[in-house]
Amino acid sequence: MSRKLLYAGLAAVFAFLAAALFAQPPAGRGRGRGKADPVEKIRQLKPNLYLITGGGANTVLRVAPEGLIVVDTKNPSDENFMRLMEEIRSVSMLPVKYVFNTHHHPDHVGNNQKFIEAGATVIGLDALKSDMASDPRTKDIPGRPTQTFAKDYVLAYGGVTVEAHSFGRGHTGDDTMIYFPDLKVVMVSDQITDANPIVDFANGGSAVEWTKILDGVLQLDFDMAIPGRGEPKTRAEVQAFRDKFASLIDRARAAIRAGATRDTLAMQVNTSDLGWTFNAAFYGSLYDELTKS
Ligand SMILES: [Zn+2]
């Protein structure tokens, strides 16, 4: 009995501590992120290709014979940039010549300006540049792309080819897939997630077009896909994620055909087997997307 009471007491204490812990404001927001999500040690994925996690989002480094190509520049902070360069310098002293951005969110473009000041060209989609200028979260971040393109771009630099492709709207309205054909690697960014996928409807994102981007990716010859956060994925994992997303859209369509309204759609689409949960705002925007003519 007394042991039972002790356990109950401990459980209450732990519940209280857990509640206190989770009541803290999310550490991942804003300028404090550098400390909560430190830039990690650089790792080699393939010959001349490296991954640096942390600092908000994954950064990819491609070493070319005469210079470096970087994909995504993490959340804005001197600390993140310093740590990122420290890791880059641990594998190469060549100058960073080109930076690609996968979309306009702060954790992907945050330190562009510092690379520009060091002599790099920042290459991004036209829509990425305009979304970065208009999104309240990024409009004051310096370092918009210095070279833009409408849909596809091929960089040939020192014998290395890097392709950038816009296959449609998904996570945002300016998602860009960065492809290294010789290594069979594609950076898919936040178009593939370990947690719930997030659609930035306010900045051109689309749930309905999401799979179109992954269909474009699956047309490429690759065996490794690098997400915006987390570990690299296989081709089969990209296919499985695409199919899960297609199921979500199919179910929402079917529910609307069966009479679901903007307010009831959330209750009439079951995603528990997909491992995803979405809030009412998501279903409202999804309803709008599926019912607009
Ligand atoms: Zn994002």
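The model shown is predicted, which means the values in this text are computed figures rather than measured ones. (Residues numbered from 1 in each chain as written. Predicted model: local features only at pLDDT ≥ 70, side-chain atom pairs only at ≥ 80, totals over all residues.)

## So, the overall build of the protein chain
Right, on to step 1. In terms of regular secondary structure, the protein chain is built from ten helices and twelve strands.
Right, on to step 2. The proportion of buried residues among the 293 residues of the protein chain is 43%.
Right, on to step 3. Taking contacts inside the protein chain between residues at least 6 apart in sequence as the whole, the part at least 24 apart equals 64%. (Helix = DSSP H or I, 4+ residues; strand = E, 2+ residues; numbered from the N terminus. Buried ≥ 20, exposed ≤ 12 C-beta atoms within 10 Å, placed from the backbone. Contact = placed C-beta atoms within 7 Å.)

## Description of the confidence of the model for the protein chain
Right, on to step 1. When pLDDT is averaged along the protein chain, the result is 92, and 88% of the positions lie at 70 or above.
Right, on to step 2. In the model, residues 16-34 has pLDDT below 50 throughout and makes 13 contacts with residues more than four positions away in sequence or in other chains. (pLDDT = per-residue confidence, 0-100.)

## Describing helix H10 (residues 280-291)
Right, on to step 1. Along its twelve residues, H10 runs 16 Å from first to last C-alpha, staying within 8% of the 16 Å computed at 1.5 Å per residue.
Right, on to step 2. The complete set of buried residues in H10 reads Tyr 283, Leu 286 and Tyr 287. Viewed end-on, H10 has its buried residues packed into an arc of 105°, placing them on one side of the element. Away from the buried face of H10 by more than 90 degrees, exposed residues Ala 281 and Asp 288 are located. (Expected span 1.5 Å × (residues − 1). Arc of directions from axis to C-beta.)

## Thoughts on the nonpolar core
Right, on to step 1. Core analysis: the biggest nonpolar cluster contains 58 residues, and Val 99, Ile 178, Val 186, Val 188, Val 217, Ala 225 and Leu 265 have the highest contact counts within it.
Right, on to step 2. With five residues, the top contributor of residues to this core is helix H8 (residues 235-257).
Right, on to step 3. Both domains that meet at this core, namely domain 2 (37-233) and domain 3 (235-293), each give it at least three residues.
Right, on to step 4. What Val 217 contacts, discounting residues up to four positions off in sequence, is Phe 167, Met 177, Val 186, Val 188, Ala 225 and Val 238.
Right, on to step 5. Val 109, Leu 125, Ala 127 and Leu 128 belong to the second largest nonpolar core, which has five residues in total. (Core = buried A, V, L, I, M, F, W, Y, C linked by C-beta atoms within 7 Å. Domains from an automatic or database assignment.)

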